[in-house]
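One letter stands for each residue in the lines below.
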Amino acid sequence: MTGGGGVSGSGNGGLGFGHAGAGGSGADGFGIGDAGAGGAGIGGVLRVVGSSAAVRLVPGDTGLVLEPTRERPGDLWIGPGWVDLHAHVYDGMTVISVPPDRAGLDQGVHVVADAGSAGQATIDGLARYVVPAAETEIRAWMNIGSYGLVHLRETADPSFIDVDATLTAIERHRGLVCGVKVRSSGAVVGAMGLQPLQLGRLVARQAGLPLLVHVGEAPPLIEDVLDLLDEGDVITHCYHGKTGHPWRPDGTPVPALARALDRGVLLDVGHGAASFSFDVAERAIAAGFPPHSISTDIHVRNIGGPVHDLATTITKLLACGLPLENAITAVTAAPRRVLRMDSPDSEWLADNGAIRHATVFRLTGDATESRPTGGATEFGLVGETERVYVDSRGTHREPTHHVLPVTTIREGRLRPTEPRHRSTTRT
């Protein structure tokens, strides 16, 4: 059904187009003209992710809608608003967090899930001061360590974990907390071994929430970690290249990972400063084991490289052989299901054709094109993109296609992205 002109339906595919209504006068300086008079819309003709449809973006009676066109589309695409399932945005509190909007709407991302920056003793500050000040929507994985990432050995001592207080904090912030975060690697847990994960699992099961588990260097052994995970739990840093990663040389999973995947455990990229390998990802994807979700693990130590932003991470997964439609699902529908944001009312297109949330991006082979800039930012001069991408191990790739966010749309409002300068080589 259509209403107010535009498209009907929801999801990524199967869009049915109705008659486009007349438009209005511009929105946020993007020159959306009268559709009936051949208005140019936003940058001309767009493709819809997951559909063969070519559209223009025009104002309708119910907000911004998509008008079908027979014109040939260029390199602009539109689809649901992006979600970053693993980021660090407890700005001003933890040693690694970045401002939410710099990882979020500035880079085409509608929702960021902070991955354990806050624990039960610090979650109130995230809810009280950071969430209300951000335009980007925030969810939080509660760290099993009471103080979160105020320091980076958050579970190395038994006194740093309080199960009952963590359960109480989750109940206090049910609208914000989406699950429990445990970093289960030797550099974090020390002599505690599997105990933080076991306690995190206890809390998650008691609260009816999933686990987000950071895997890295042993101990504990990856097999022991994986055997504790159940359906709906998420392994982040799934393609790290450190000793003990859960993949065989041919890209197939080791038995413990195979069993976990059979149980419904999910794979999340979680790029990070030290947790993504082109070689591991390429082999796993070629063997039929793509990620369920693509996330950045963005923080102050990698926002200047090698992570930069979610679009850069998407581009790297395309270079590893992941098809575009699969990559966009991995930053839209898949993480929304994990965050339990997948109700009919949250679909990116309303039943009346209005756009609830969307990200417009460019898929281009020209990585050196300049985008509109606004001068300098706290992270450096705004300028050009480039061709060479680097993983966490220093391996280089030169992708044939590059994803560049252009604008976000939320409840009818356009918000242009704010690209940052990157050096000639992304290091």
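Placed above this text is the structure.
About the cut-offs
Residues numbered from 1 in each chain as written. Predicted model: local features only at pLDDT ≥ 70, side-chain atom pairs only at ≥ 80, totals over all residues. Heavy atoms only, no water. Phe/Tyr/Trp six-rings, centres within 6.5 Å; stacked < 30°, edge-to-face > 60°. Helix = DSSP H or I, 4+ residues; strand = E, 2+ residues; numbered from the N terminus. Buried < 20%, exposed > 50% of the residue type's maximum accessible area, 1.4 Å probe, protein only. Pairing = 2+ DSSP bridges. Axes fitted to C-alpha atoms, helices over the stretch in contact; angles between N-to-C directions. Contact = heavy atoms within 4.5 Å. Left-handed = near helix turned anticlockwise from the far one by under 90°. Nonpolar A, V, L, I, M, F, W, Y, C, P; charged D, E, K, R; others polar. Arc of directions from axis to C-beta.

Draft legend 1. Region of the structure containing the packing of aromatic side chains. Going through the model one piece at a time under the given rule, you end up with 5 aromatic pairs. Here the aromatic rings of Trp82 and Phe361 are separated by 5.8 Å at their centres, their planes lie at 45°, and the arrangement is tilted. Here Trp82, found in strand β7 (residues 82-87), pairs with Phe361, found in strand β14 (residues 357-364); they are 279 residues apart in sequence, far enough to count as distant. For the pair Trp82 and Phe361, a shared accessibility class is recorded, and that class is buried. Taken together, Trp77, Trp82 and Phe361 form an aromatic cluster joined through their ring pairs.

Draft legend 2. Inspection of the sheet that holds strand β5 (residues 63-68) at higher detail. As summarised here, the arrangement of the 7 strands in space is β5-β4-β3-β6-β14-β19-β20, forming an open sheet in which the pairing is mixed. The open sheet is flanked by β5 and β20 (413-416), the only strands paired with a single partner. Averaged over all adjacent pairs, the angle separating strand axes in this sheet is 40°, with direction ignored. For strand β3 (residues 46-48) and strand β6 (residues 76-79), the ladder comprises 3 bridges, and the chain directions are parallel. Bridged to Leu46 within β6 is Leu76.

Draft legend 3. Quick peek at the side chain of Ser185. Position of Ser185 among the secondary structure elements: in the loop between β10 (177-184) and α4 (186-189). Discounting residues that sit within four places of it in the chain, Ser185 has contacts with His214, Gly216, Glu217, Pro219 and Pro220.

Draft legend 4. Geometry of the packing of helix α3 (residues 163-172) against helix α5 (residues 195-207). Their axes nearest at 10 Å, the elements α3 and α5 cross at an angle of 35°. With respect to the hand of their crossing, α3 and α5 are arranged in right-handed fashion. Listed contacts from α5 to Val163, Thr166, Leu167 and Ile170 of α3 are Leu199, Leu202, Val203, Gln206 and Ala207. When grouped by side-chain class, the residues that make up the contact of α3 with α5 number 7 nonpolar, 2 polar and no charged.

Draft legend 5. Just helix α2 (residues 123-133), in detail. Buried within α2 we find Ile123, Gly125, Leu126 and Val130. The buried residues of α2 all sit within an arc of 130° when viewed along its axis, so they share a single face. Exposed side of α2, more than 90 degrees from the buried face: Arg128, Tyr129 and Pro132 are the residues found there. For α2, the secondary structure elements touched by its buried residues are α1 (100-103), β9 (137-143) and α3.

Draft legend 6. The sheet that holds β10, seen in detail. The sheet built from 7 strands is open, its strands ordered β7-β8-β9-β10-β11-β12-β13 with parallel pairing. With one partner strand each, in any of the chains shown, β7 and β13 (266-268) form the two edges of the open sheet. When strand polarity is set aside, the average angle formed by the axes of neighbouring strands in this sheet is 25°. Looking at chain direction, strand β12 (residues 234-236) and β13 are connected through 3 bridges and run parallel. Note on β13: the bridge partner recorded for Thr236 is Asp268. Sitting on the sheet, α5 touches β10 and β11 (211-215), and the angle it makes with β10 is about 170°.

By themselves these figures say nothing about function.
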